[in-house]
Each structure stands twice: as structure tokens, then as C-alpha cells.
Amino acid sequence: MTAPAVTGGDLSPAATARRLIRATDRATLATSLARPEGSWPYASLVLAAVDYDASPLLLILTLAEHTKNLQQDPRASLLFDGPQGLADPLTGARVTVLGDLQPDNDAVRRRRFVSRHPSAALYAGFKDFSLYRLRMTRAHLVAGFGRIHWVDAATLQGPEADVSWLREHEPSILEHMNRDHATTLDLYAERLLGLTGNGWRLTNVDREGADLRRGGVVARLDFATPADDLDAVRQSFVALAQSAKRGAMSQ
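Residues numbered from 1 in each chain as written. Predicted model: local features only at pLDDT ≥ 70, side-chain atom pairs only at ≥ 80, totals over all residues. Heavy atoms only, no water.

> It is not clear to me how the environment of threonine 203 should be interpreted in this structure. Could you clarify?
Within the secondary structure layout, threonine 203 lies in strand β9 (residues 201–206). In this structure, the C-alpha to C-alpha distance between threonine 203 and asparagine 178, residues 25 residues apart in sequence, is 9.0 Å. Setting aside residues up to four positions removed in sequence, threonine 203 forms contacts with Ser115, Arg116, Glu170, Leu174, Asp211, Leu212 and Arg213. (Helix = DSSP H or I, 4+ residues; strand = E, 2+ residues; numbered from the N terminus. Contact = heavy atoms within 4.5 Å.)

Next comes the structure, spelled out in C-alpha cells:
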């Protein structure tokens, strides 16, 4: 389940699509099912995480039908649906991302997937499961009346930036926030995102924000500006805490 979250104002189509991909922990995967009588579209539900540039990541079973399809034809699309619980689901934002799904052996990306989906730790090391990364070509965003856009991959991923520092230090950021600032994470969820309950945990951090999880619910925190180093990440979390505390005092 995806929780509603603060977007921080009007966003461009690319930023809206990128945020939606990051804020959603599952997607509908469409592959091409090859049969003697011809090829057929095949849709399946998958758990999803993202790389630092918002490229979707999947950890899928080798014997699954969709994996067999990808081995024959890597072309695929992923539908990321918006927040659940709307009276009219068609009013919610959604984005379909097209590209080639290719096997990926990057340990950091696998780590990000497992952090996003803790239950995956039970099988992530099995040889029958493989990490796949979507090499995006373009995306189709439907974000409301009059907000329907095609976005190319370069625009969707945003300006190219060095994230080597984040690849190295993300685990320590998560450990520090979850260990030393657990009450602040709950405050983020309650005061900034309108969510209830204690025990929220930080699962991923990227230049534009961070992801929270509590049980089966995930939520997205947005930074005011993209972070380019560790100090900027720290300042972003401090600013979010100050906003959350102001919200608490005003009630």
C-alpha cells in the first residue's frame, strides 16, 4: 500500500513521474508472452524498488513466466499506480515506464531492493532469484485532467549527478536515522504526511528525498532541494524535523 505524501508544490511532468515511481513499492509488469500461436501481452504484479536515478529495480524468480518472457524479449513496461483508496481511482496519478529489463548484478542496487522490501531478505540470496534493472526509454504520465504527457528517459531521470558518495554512505545514513532518530521518523510520518502509528523506518535515501515504511505501508519524504553531499542530506532531514515540530506546536 502506498500512503499519500507531500509533493511540495507543482512539479514538472518528469519530476511528477519520477516521484511517483519512487513513492510506489509495487507495479504491474507487462511482458510479451511467446506462444506457438503468436505473442500475447502478459501482465503480472511485481515488487519494485528504484536506483538512484529512479530506474526501476525488480528481484524476480528465474522460473516465473515474466522472467521467461524477458529472456526471449527484454522489452517491458511497468505501470506505477498512485495512492490507493480514492473514490474514483481514475483521478489518481499513474505512470507507465517503457524500456528494456536487463539482469543486473550490482550489489548496491540489490541492497536497495532488500532495504525497500525487508521480506525479500529471505530469498534475495537464492540463485533462483535475479535482480533486473529497467533501462528506461520513455514514460507516459497521467496526472489528472489535462496533465497527460510523454516523457523521454533523459528528462525523466533528471540532470546527471555523481552519486558515488550516496552509494557508499546510504547504509550508514539509514542506520543512524533508524537507530538514533526513530521518534523523529514517526513525527515526519504524522505531521508531514498525515500518517498514524509508531515504528516508521527509513528504507532508502536519494538526492531528492527519502522513503519510509511501516509494515505494508510506504511513504515518500521530499527534500526542498536535491542533496549533493552528506551535509546536504543532514540539513534536509533537519529542515524536515523543524517543519514537523512546527506542525506539532501549531495543533
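> I keep staring at the pairing of strand β11 (residues 217–222) and nothing clicks. Help me out?
With respect to burial, β11 is a largely interior element, five of its six residues being buried. When strand β10 (residues 209–214) meets β11, the two strands line up antiparallel, connected through six bridges. By the bridge assignment for β11, arginine 214 is matched with valine 217. Where β10 folds back onto β11 in an antiparallel hairpin, the turn is made up of two residues, including glycine 215, whose phi is positive at roughly 65°. (Buried < 20%, exposed > 50% of the residue type's maximum accessible area, 1.4 Å probe, protein only. Pairing = 2+ DSSP bridges.)

> Sorry if this is basic, but what is going on with the environment of isoleucine 173 here?
With respect to the element layout, isoleucine 173 can be found in helix α5 (residues 164–180). With 29 residues separating them along the chain, isoleucine 173 and leucine 202 place their C-alpha atoms 9.1 Å apart. Excluding anything up to four places from it in sequence, isoleucine 173 contacts Leu166, Val205, Leu230, Val233 and Phe237.

> Looking at this model, I keep getting lost on the packing of helix α3 (residues 107–116) against α5. Mind explaining?
One can describe the packing of α3 onto α5 by two numbers: an axis separation of 10 Å at closest approach and a directional angle of 25°. Relative to α5, the element α3 is oriented roughly parallel. At the point where α3 passes α5, the crossing takes the left-handed sense. In contact with Val108, Arg111, Arg112 and Ser115 of α3, α5 contributes Arg167, Glu170, Pro171 and Leu174. The residue makeup of the contact of α3 with α5, split by class, is three nonpolar, one polar and four charged. (Axes fitted to C-alpha atoms, helices over the stretch in contact; angles between N-to-C directions. Parallel < 35°, antiparallel > 145°, perpendicular 65-115°, else oblique. Left-handed = near helix turned anticlockwise from the far one by under 90°. Nonpolar A, V, L, I, M, F, W, Y, C, P; charged D, E, K, R; others polar.)

> Which parts of the structure should I look at to understand the nonpolar core?
Nonpolar side chains in soluble globular proteins tend to be buried together. Counting residues in hydrophobic clusters, the biggest one holds 29 residues, and the most contacted among them are Tyr188, Leu202, Val205, Leu212 and Phe237. For this core, the element with the highest residue contribution is helix α6 (residues 182–193), accounting for six residues. Grouped together as the second largest cluster of nonpolar side chains are 27 residues, Val50, Leu101, Tyr132 and Ala139 included. (Core = buried A, V, L, I, M, F, W, Y, C linked by side-chain atoms within 4.5 Å.)

> Would you take a moment to explain α6 for this structure?
Since the α-helix turns once every 3.6 residues, residues separated by three or four places project in the same direction. Look at α6: 16 Å from first C-alpha to last across 12 residues, which is about the 16 Å you get at 1.5 Å a residue. Every buried residue of α6 is listed here: Thr184, Leu185, Asp186, Leu187, Tyr188, Ala189, Leu192 and Leu193. One or two steps after α6, the chain reaches glycine 194, where phi turns positive at roughly 70°. (Expected span 1.5 Å × (residues − 1).)

> What is the right way to read the environment of phenylalanine 80 from this model?
Structurally, phenylalanine 80 is set in strand β5 (residues 75–81). Once you skip the residues sitting within four places of it in the chain, phenylalanine 80 turns out to touch Leu20, Ile21, Thr24, Arg26, Ala27, Ala48, Pro56, Ala93, Arg94, Val95 and Val97.

> Sorry if this is basic, but what is going on with the pattern of salt bridges here?
For side chains of opposite charge, pairing can occur when their charged atoms come near one another. One pass over the full model with this rule turns up 23 salt bridges. With a shortest N-O distance of 3.0 Å, aspartate 106 and arginine 167 are connected by a salt bridge. Within this pair, whereas aspartate 106 is found in the loop between β6 (94–103) and α3, its partner arginine 167 is found in helix α5, the two being separated by 61 residues in sequence. On the accessibility criterion, arginine 167 (25% relative accessible area) is partly exposed. (Salt bridge = Lys/Arg side-chain N within 4 Å of Asp/Glu carboxyl O.)

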